[in-house]
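# Commentary on secondary and tertiary structure
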Amino acid sequence: MPTVDEVGAILRSLRGVWDEESVDELDHALQAAARAIEDGADDELVLAAALHDLAHSPLFGDVGAGRHDRVAAEWLTPRFGDRVGWLAGAHVAAKRYLVATDPHYATTMSDVSIDSLHHQGGAGVDPVFVEHLWWPDALRLRRYDDAAKVPRAGAASIDDVLAVAQRVVRQAHSA
Ligand SMILES: [Fe+2]
């Protein structure tokens with residue numbers, strides 16, 4: 001399945017890419033997927049969690065911190081449907097929202113995440129996102145994202161994520 005092969009290539013390309021300081025971007029993706037699975041997330045949310053930072057892949061060239069959410073949404077939506085794309089594309093809006101509304105949240109953020117916030121518009125509530133039906137799932141994804149920065153923590157495998165991707169594609173085609 002070509003789309004699933006593309007996901008495999010993207011994930012493998014994230015090995016050795018460092019955005020966060022504690023884990024590389026492949027471990028970050030696979031930990032985020034694992035945190036979603038442990039939380040009982042559905043396949044689309046697991047896939048969005050695994051691929052929310054795909055724009056850090058060298059396959060996408062040099063994408064700035066202020067645009068990587070939109071690149072994820074634009075890549076995922078035509079391949080896996082509106083919800084996967086929207087959820088991945090909302091992960092920066094979810095961060096901005098949590099900083100603005102949850103006084104405890106900022107104390108849990110990594111240094112890199114605090115630093116990139118300035119390039120992402122700072123704390124704020126974007127009505128385009130927060131009034132959306134899928135917003136609660138975007139906040140769940142953000143929690144998986146923030147929890148996926150722990151060296152040697154439990155993680156999904158690339159094959160686990162590809163199996164999820166395959167199910168999402170099949171479901172999209174049978175719908
Ligand atoms: Fe992330």
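Rules used in this analysis
- Residues numbered from 1 in each chain as written.
- Predicted model: local features only at pLDDT ≥ 70, side-chain atom pairs only at ≥ 80, totals over all residues.
- Heavy atoms only, no water.
- Donors = N, O, S within 2.8 Å, 3.2 Å for Na, K, Ca; no water.
- Tetrahedral: all angles 85-135°; square planar, octahedral: opposite > 155°, others 65-115°.
- Helix = DSSP H or I, 4+ residues; strand = E, 2+ residues; numbered from the N terminus.
- Buried < 20%, exposed > 50% of the residue type's maximum accessible area, 1.4 Å probe, protein only.
- Axes fitted to C-alpha atoms, helices over the stretch in contact; angles between N-to-C directions.
- Parallel < 35°, antiparallel > 145°, perpendicular 65-115°, else oblique.
- Left-handed = near helix turned anticlockwise from the far one by under 90°.
- Contact = heavy atoms within 4.5 Å.
- Nonpolar A, V, L, I, M, F, W, Y, C, P; charged D, E, K, R; others polar.

## A look at the coordination of the iron ion
The protein atoms donating to the iron ion are His28 (NE2), His52 (NE2), Asp53 (OD) and Asp145 (OD), with metal-donor distances spanning 2.2 to 2.3 Å. Here the iron ion is ringed by four donor atoms whose angles at the metal span 80 to 171°, and the overall shape comes out irregular. Positions of the donor residues of the iron ion, expressed as sequence spacing, correspond to H-x23-H-D-x91-D. Placement of the pair is aspartate 53 in the loop between α3 (43–51) and α4 (68–80) and aspartate 145 in helix α9 (residues 135–147), with a sequence separation of 92 residues. Of the two residues, aspartate 53 and aspartate 145, neither departs from the other in class, the shared state being buried.

## Things to note about the packing of helix α5 (residues 82–89) against α9
Axis angle and axis distance: for two packed helices, these are the angle between their axes and the distance between the axes, and together they describe the pair. Orientation of α5 relative to α9, taken along the N-to-C sense of each, is 55°, at an axis distance of 9 Å. The orientation of α5 relative to α9 falls into the category oblique. In the crossing of α5 with α9, the sense of the turn from one axis to the other is right-handed. Only Trp135, Asp137, Ala138 and Leu141 of α9 make contact with α5, whose side of the interface consists of Arg83, Trp86, Leu87 and Ala88. Across the contact of α5 with α9, the residue classes tally to six nonpolar, no polar and two charged.

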